[in-house]
Each structure stands twice: as structure tokens, then as C-alpha cells.
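# Observations on chain architecture
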Amino acid sequence: MKVLWLVSITIPAAADACGLQAKEIGGGWLSGALGGMTAAPDAPAITVASVDARAETLTVCSKNGVSFALVPTGSVENFSALLKKIAPDLVHIWGTEYAAARTIQQAAQAAGIPVLVGIQGVMVDCALHLNDGVPARLLHSCAAQHLIDRHVPGGLLDVNQARFDTLAQSEAAVLANARHVTGRTSFDRSAVQKLAPQASYYPCNETLRPCFYTGTLWQPRAAAAPILFLPQGNYPIKNLHTVLKALPAVLAQYPGAVLRVAGWPPLDKGPLLRPVIDWMFPYQTWCKQLIHRLGLADHVQYTGPLDAAAMRQAYLDADLFLLPSYSENSPNSLGEAMLLGLPCVASAAGGIPDMLQSGVQGMLYGAAGDDAALSAAILQVLALPDHGTALGTAAQIRARVTHDAAKNTAQMIEIYRKVLQREGTL
């Protein structure tokens, strides 16, 4: 069996095989899935393809028994040439929202090749909740801001909203033409039933980055100054603003508490450019203002971008993991924190309740934007006599099952067989 994967980024293994530099930190779950697949004794022959403008022509490289294809543009012609060159039995599209997903779907269907669509986030829900909780005055920008943004991209919320709306439309187009879809939560299954009622649905959990399965597990520090860790703060949907509003109540009981946010702090290029930067990054500016108004300057730290090893250490250094998002499907950061046994507090949004049972493997709170409920959940876990150890241990046990690499790989291979059988090609 030969399977062609289409992924949204050039993963590090592909860049290495083709002599390119890895572009960004990201795609670790793809690397985890690939590692699990290559380790399976009955694995199909996998080619991992991505659109990468650095490849002037269709480029296929191999390393460690895996083939990687770089496609210069996401055109039908390029994908048709790729399919002809690889001649796969099945195309597996990882993610629904990027434009290339629909293009390769069209090319594969025209060539009579079965397609399995893997849903990652549920973009229609992400677009709906992208800017929840943000003041209305920040949601609109003017012509001058758009002009600047075309030359030096900023963080204009209406521009991001338009982009997410487009991604949601791309997702809808892919699912409307899908015959086979794989997902992992009741949340994404419900979305598939609405957007792709004609499709067969195959559940399969994700395999995460390898370093989270081995090594030291989280241990409580019993610290008077707890460290709260938030994995992302750049988009309103990730809800840094509600965490900031909840933090004073935490500080009232733990005056030395610190919130660590993975990623860069708000951009600052000095006093001359500061007004323009603040104008072009309204969400980051508003969060900066919240930090100042609530007296949080000594209690909020940004880590800068973190690779897998640094992210792992950031979990281990924390006392509590926070995931207050307005929309999630099966967030990898939550799975990673659970694998390490770190106590977690999360909103009950999207597919999160499928990953974690509140009061048993962590703590869920209701409405994502309810800062009082969030602070109460945080304080409840911090006040536990064991500092959340029992919750973290239960979470680790569950995550070991959910994210079991061998089990998930075997299940995905079985899904491939089922798709081909139903299509009459196996």
C-alpha cells in the first residue's frame, strides 16, 4: 500500500531530507504521527508532501525509508504531476482549511484515487469565536492601517477575521466533497455530520511529539509563588485576556504567582515606533493595557518561542497548565501537559471535555470568558493538599491511552484498509 500525505507545513524531517532549513517551530504532532507510522511493522509506504516555494520544481527526496515531496505551488497541475509520479493508492489530507487541501482533493478525485480527509481544528467554530471577549472598538481598522498591513503585516483583528472566514470556507469546500473523514472528538464528529453528511467517519486519536512520552514527569514544587503556564497568547481565541482578568483573584491568595506565556511579548521597537506598532497590533496592545491597569507587570512573563525540548521544560517548571480557549478540537498542548502529569485547568470548549474529565484528570470551567469561574478553578487546584498530584497522575494515565503511538498507528493503518475496501481498490 502506498499512501501520500499532504501536510500544511514542511516538517523538519522533510526539510532535512531535501537540504532545506526548517522554517518554523511547529508540526510536532505530524512528526509524531510519521514516527509512529515508520515504526509499525505493517506500515504502508509513506510520501509526505507539502507546498514549499523554495522548491523551484517538484522535488522528491528520501531519508530513513520515508519519501518527502516538495511542491512549488499548490496548483492542480503540480498536484497532478505529483500523483502521477508517486502513484499512491490513497491520499491522506492532514487538515481541511488550507487551500492546497481542496486542490489535491480535486486532482486525486479526477485521477480516481481515494482521499481520506483528516480534520484538525474545526475552522467554522474557530472563525465564529476568533475575537470573543474583545472590545468592539478593536475589531475594525481603517484604510491607512490596511495600507501599512499590506507592506508590513500586523495583527489587525478584522484582517485576521477575514482570513479565518476564508479558512472556514476552504474547510467547508473540502468536507462537502469528502467521502472519508477521520477525526477524534465528538465535537469534530458533529461538525463533520453537518458539513459532510455523505462522508464515512473514522475515529483515531493523535500521536504527539516523541519527547513527551519519555523522561522526567512533573513533580509538585509546593511553592508559595505558583507558576501558571499558558501555551499561546497571540490570538484572542486563546484567551489571554480572560486569564489576565482572573489573575488578581489568584494574586490575592498567592501574591507571588506568575503567569508564563509561551511566545513573544508584544512587539516594541522603541518610543518612536511604539504608537504605530500599538495601532497595528490592537489585541496585543489591549493585553498590555490590561497588564498595566490590573497591576500585573511583575506577574506576567513571556518565554519567547519554544521548541519541543524547551516546551517540555516549561511544563515541568510550572505548577498549573491553563487552556482557557474559546474554541479547540483536541489541543496538542493539553495532551502534552497531561502526558507529563501536570495539573490542568481548561475551558469546557469544543473537544476538550473528550480529553479530560473534570475533577478526575484536571479541572474544567464553563464559559471560556468567565474570569471568575477561571480564577475559582485555578484556586481550587492550587489549594489541593497534594498540589494537584492526583489529578496530574490520572491525566497522565489517560493521556497514555489517548496518545498511544502504536495503537493510533495501527488504527490509522486499519482506516486506510477500510477506505480502500469501501472504494473497491483493495
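Notes on the structure in this doc start here. Keep in mind that this is a model prediction, so the values were computed, not measured. (Residues numbered from 1 in each chain as written. Predicted model: local features only at pLDDT ≥ 70, side-chain atom pairs only at ≥ 80, totals over all residues. Heavy atoms only, no water.)

## Brief notes about the pattern of salt bridges
Side chains carrying opposite charge are able to pair once their charged atoms draw close together. Tallying each qualifying case throughout the model produces ten salt bridges. E328 serves as the salt-bridge partner of K238, at 2.8 Å between the closest nitrogen and oxygen. With K238 in the loop between β9 (227-230) and α9 (240-253) and E328 in the loop between β12 (320-323) and α13 (332-339), this pair connects stretches of sequence that are 90 residues apart. Residue classification places K238 among the partly exposed residues on the basis of a relative accessible area of 23%. Measuring nitrogen to oxygen at the nearest pair gives 3.2 Å for the salt bridge that ties R274 to D268. Taking relative accessible area as the criterion, R274 reaches 31% and is therefore assigned partly exposed. (Salt bridge = Lys/Arg side-chain N within 4 Å of Asp/Glu carboxyl O. Helix = DSSP H or I, 4+ residues; strand = E, 2+ residues; numbered from the N terminus. Buried < 20%, exposed > 50% of the residue type's maximum accessible area, 1.4 Å probe, protein only.)

## With respect to helix α17 (residues 405-422)
Here α17 contains 18 residues, and its C-alpha end-to-end distance of 26 Å stays within 8% of the 26 Å for a straight helix at 1.5 Å per residue. Of all the positions in α17, only N408, T409, M412, I413, I415, Y416, V419 and L420 are classed as buried. In a view along the axis of α17, the buried residues occupy a sector of 150°, so they form one face of it. Of the exposed residues in α17, the ones pointing more than 90 degrees away from its buried face are A406 and R422. Regarding α17, its N-cap is D404, as a side-chain oxygen of that residue lies 3.2 Å from the backbone nitrogen of A406 further along. Immediately downstream of α17, the backbone of G424 shows phi near 75°, a positive value. (Expected span 1.5 Å × (residues − 1). Arc of directions from axis to C-beta. Polar contact = N/O pair within 3.5 Å; in protein donor to acceptor, adjacent residues only side chain to side chain.)

## A short note on the nonpolar core
Counting residues in hydrophobic clusters, the biggest one holds 45 residues, and the most contacted among them are L244, L259, L322, V345 and I378. By residue number, the principal contributor to this core is α9, which donates seven residues. Those residues in contact with L259, other than ones at most four positions away along the chain, are L228, L230, L240, V243, L244, L247, H299, V300, Q301 and L322. (Core = buried A, V, L, I, M, F, W, Y, C linked by side-chain atoms within 4.5 Å. Contact = heavy atoms within 4.5 Å.)

## Observations concerning unusual backbone geometry
Its identity is not glycine, yet N64 carries a phi of approximately 55°, on the positive side. Looking at where N64 falls in the secondary structure, it is placed in the loop between β3 (59-63) and β4 (66-71).

## Considering the pairing of strand β7 (residues 180-183)
Burial along β7 is two-sided: the residues H180 and T182 and V181 and G183 are all buried. Where strand β6 (residues 115-118) and β7 come together, two bridges link them in parallel fashion. Its bridge partner being in β7, G118 is matched across the sheet by T182. Here β7 pairs with strand β8 (residues 200-203) via four bridges, running parallel. The residue of β8 that forms the bridge with V181 is Y201. The β-α-β motif built from β7, the intervening helix α8 (residues 186-195) and the parallel element β8 has right-handed crossover chirality. (Pairing = 2+ DSSP bridges. Right-handed = clockwise from strand over helix to strand, strands pointing away.)

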